[in-house]
Amino acid sequence: MENKIEISDLKVFYGDVQALNGISLNVYPNEILGIIGPAQSGKTTLLKVINRTLEFNQDISVEGTVKLDGEDINSISDVYGLRRRIGMVLPLPVGLPLSIYDNVAFAPRTAGLRNKAEIDEIVERCLQQAALWDEVKDRLDSLGTKLSGGQQQRLTIARALSHQPEVLCLDEFSIAVDPITTMRIEDVLKTLKNDMTILLVTNLVQQAKRLANRTAFMLNGDLIEIDETDVIFSDNPTQQSTYDYVNGNFG
Amino acid sequence: MNTETDVSAQTMFTETVIGRQNRYIENVVKIFFLFMTCLMILPLLLIIGYLLYKALPVLSFDFLFTNPKDNMRAGGIWAPFLGTIYLVVVSLLVAAPIGVFASVYLNEYARDNWFTRIVNLAVVNLAGVPSIVHALFGVGAFVLFSGMGESILAASLTLAIMTLPVIIASTTEALKAVPMSFREACWNMGATRWQTIRRIVLPNSISGILTGVILQVSRAAGETAPIMFTGAVFFKPIAEGNFLAYNIFDQCMALSLHLYTISTQVPDVAEGIPYATAIVLVGSVLLVNAASIILRVYLRTRKRW
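What you see is a predicted model; the values in this text were computed from it and never measured. (Residues numbered from 1 in each chain as written. Chains lettered and ligands numbered in written order. Predicted model: local features only at pLDDT ≥ 70, side-chain atom pairs only at ≥ 80, totals over all residues.)

Break down the overall build of chain B for me, citing the residues and quoting the values.
When its secondary structure is counted, chain B shows 13 helices and two strands. Relative to the compact-globule value of 19 Å for 305 residues, chain B shows a C-alpha radius of gyration of 27 Å, a clear excess of over 25%. The buried share of chain B, taken over its 305 residues, is 37%. Long-range pairs, those at least 24 residues apart, make up 77% of the contacts in chain B with a sequence separation of at least 6. (Helix = DSSP H or I, 4+ residues; strand = E, 2+ residues; numbered from the N terminus. Rg over C-alpha atoms; globule rule 2.2 N^0.38 Å. Buried ≥ 20, exposed ≤ 12 C-beta atoms within 10 Å, placed from the backbone. Contact = placed C-beta atoms within 7 Å.)

Encoded structure:
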């Protein structure tokens, strides 16, 4: 099986501080890869390397390679196209100060799509996929910033889906979302993985257990262990620290 | 038991000495601050009241639209009034685009490196340069070196350089008020910086940017030093009532300089004329400020987050 993403010996430095200490892992197509680990373990940094938004930070240096479909992401000249191939959902919900419709239509339009009917179709499909359509279909022209926190997070997910990504990165998406909505989004993710590969960074280890096909455990910039979710959450993963973290003994 | 309960109840609900003192001090302090606030607005009210009182006999529509006459001892202020409008408009046409676009670059594109640090340092220091120094620079750079001579253009460019740092500072403030998370959300969707600026940043900062730019009008209108060597003259009559009476390569009169001239250089000016001139100058400035406040209030009602 061809790997969707191949990361080899990835090191990231913020100035003098090393955030990732040489990480190697492969992501399979159409899997949900859960990434768990306590704060400061480098999970978010890993995602930002993949869609090359880490480049907006000052004083960072990246070593090692990240390949998407076998192509080194640093050799891709169209970085904006690369970012559209990857959907990114950040921890805190962000409704852009545009109408709900324009929020979702933003990415297709920046990519050059002008056909109103096609944009309409994308907006409806993405809002449906993000489990938001029924709540907002009658007020698509009201402001995205005026939605509730949970609705804004689903709007963020709809936006991430609007550029038809091949990889969907979710960075602790459920922080600002109530449990019921979280369950609805989780159901959506199970369907979405038929169409795309999903990287799920989460602080809720149970969420990884519920959703992920495989789970990676990171700690202080190191990849401690990556394996089938069943193995990680079993009584005998390879590493003792994995067992301790998953069972709440630390972290 | 009974007496004990009574005592504790008394200590709870009777005001202690410290409590009374605190309440007293609180009132004194509040009144003191209120007094200072009144003291602050008092000069403005007195100035305008006094000016109006002295100017009323002279103020009229004709005063605004006739040239000064009899060696500036009579007549109106048409030539200086139009001159000030020309100076302000031309200087804004130059300073606003440069200041706003430079500020967009510094905020949205530039990384924190030696170049941007030097630029920011230059902006801060430019804001602190006294206006008479700007005037000398204007004489050297525009009047003499660039060969513009003493003209509206040279004076306006001098004013423009003087107002640039404040326009940059207010634009920067307006841009920074747009949350970083909006930009990150756009970048994550593959938007370029320009797409992000055009669709998200500028539409949501334009009110602050315009307010800053408009407020610069009032600053430029009142300045005397930068224009008196670069383009403004004591006396130059123009066609009355014609808003195109000046050419930007002409010299012009200006309200601020005219006020100085008739107050100190010309003997036996009718008493009301300097006051009426001052009222027109202050009134124009306040009118522009009011416009910017109205604009800001209007745009704030459309605030999108």
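Pulling in residues and values, what's your account of the pairing of strand S10 (residues 222–228) of chain A?
Strand residues, when the strand is regular, have side chains that alternate between the two faces of the sheet. Residues and elements named next belong to chain A. Across six bridges, strand S9 (residues 214–219) lies against S10 in antiparallel orientation. Of the residues in S10, the one forming a bridge with Met218 is Leu223. Between S9 and S10, which pair antiparallel and follow one another directly, the connecting turn spans two residues, one of which, Asn220, has a positive phi of 50°. (Pairing = 2+ DSSP bridges.)

Which residues make up the domain arrangement of chain B, and what values go with them?
Interfaces are frequently sized by the accessible area removed from exposure as the parts join. Residues and elements named next belong to chain B. When cut into domains, chain B gives domain 1 (2–55) and domain 2 (61–301). Measuring from the centre of the C-alpha atoms in domain 1 to the corresponding centre in domain 2 gives 42 Å. Of the residues lining the interface, five residues belong to domain 1; the matching set on domain 2 comes to six residues. For the side of domain 1 that touches domain 2, the per-class residue count stands at four nonpolar, no polar and one charged. (Domains from an automatic or database assignment. Nonpolar A, V, L, I, M, F, W, Y, C, P; charged D, E, K, R; others polar.)

Lay out helix H4 (residues 78–109) of chain B in plain terms, naming residues and giving numbers.
In a regular helix each residue adds 1.5 Å, so 32 residues correspond to 46 Å; H4 of chain B covers 45 Å between its end C-alpha atoms and thus fits that length. Largest kink in H4 of chain B: about 25°, centred on Leu92 of chain B. (Expected span 1.5 Å × (residues − 1). Bend = angle between axes of the 7 residues up to and from the residue.)

Run through the interface of chain A and chain B, naming residues and quoting values.
With 22 residues of chain A at the interface, the matching set in chain B holds 17 residues. Looking at the side of chain A that touches chain B, the elements with two or more residues in it are helix H2 (79–85) and helix H3 (100–110) of chain A. No other element matches the four residues that H2 of chain A contributes to the side of chain A that touches chain B. Taken together, the residues of the side of chain A that touches chain B sort by class into twelve nonpolar, seven polar and three charged.

For the nonpolar core, give the residues involved together with the corresponding values.
Of all hydrophobic cores here, the largest spans 144 residues; its most connected members are Ala158, Cys169, Ile198, Leu199 and Leu200 of chain A together with Leu87 of chain B. A per-element tally of this core places helix H7 (residues 152–176) of chain B first, with 15 residues. With sequence-adjacent residues up to four places away left out, Cys169 of chain A is seen in contact with Leu47, Ile50, Asn51, Ile86, Gly87, Met88, Val89 and Leu199 of chain A. (Core = buried A, V, L, I, M, F, W, Y, C linked by C-beta atoms within 7 Å.)

Describe the sheet that holds S9 of chain A, and please don't skip the residues or the numbers.
Residue and element names in this part refer to chain A. Sheet architecture is open: six strands sit in the order S6-S7-S8-S3-S9-S10, paired in mixed fashion. Every interior strand has two partners, whereas the edge strands, strand S6 (86–89) and S10, have only one. The sheet shows a mean angle of 15° between the axes of neighbouring strands, taken without regard to direction. (Axes fitted to C-alpha atoms, helices over the stretch in contact; angles between N-to-C directions.)

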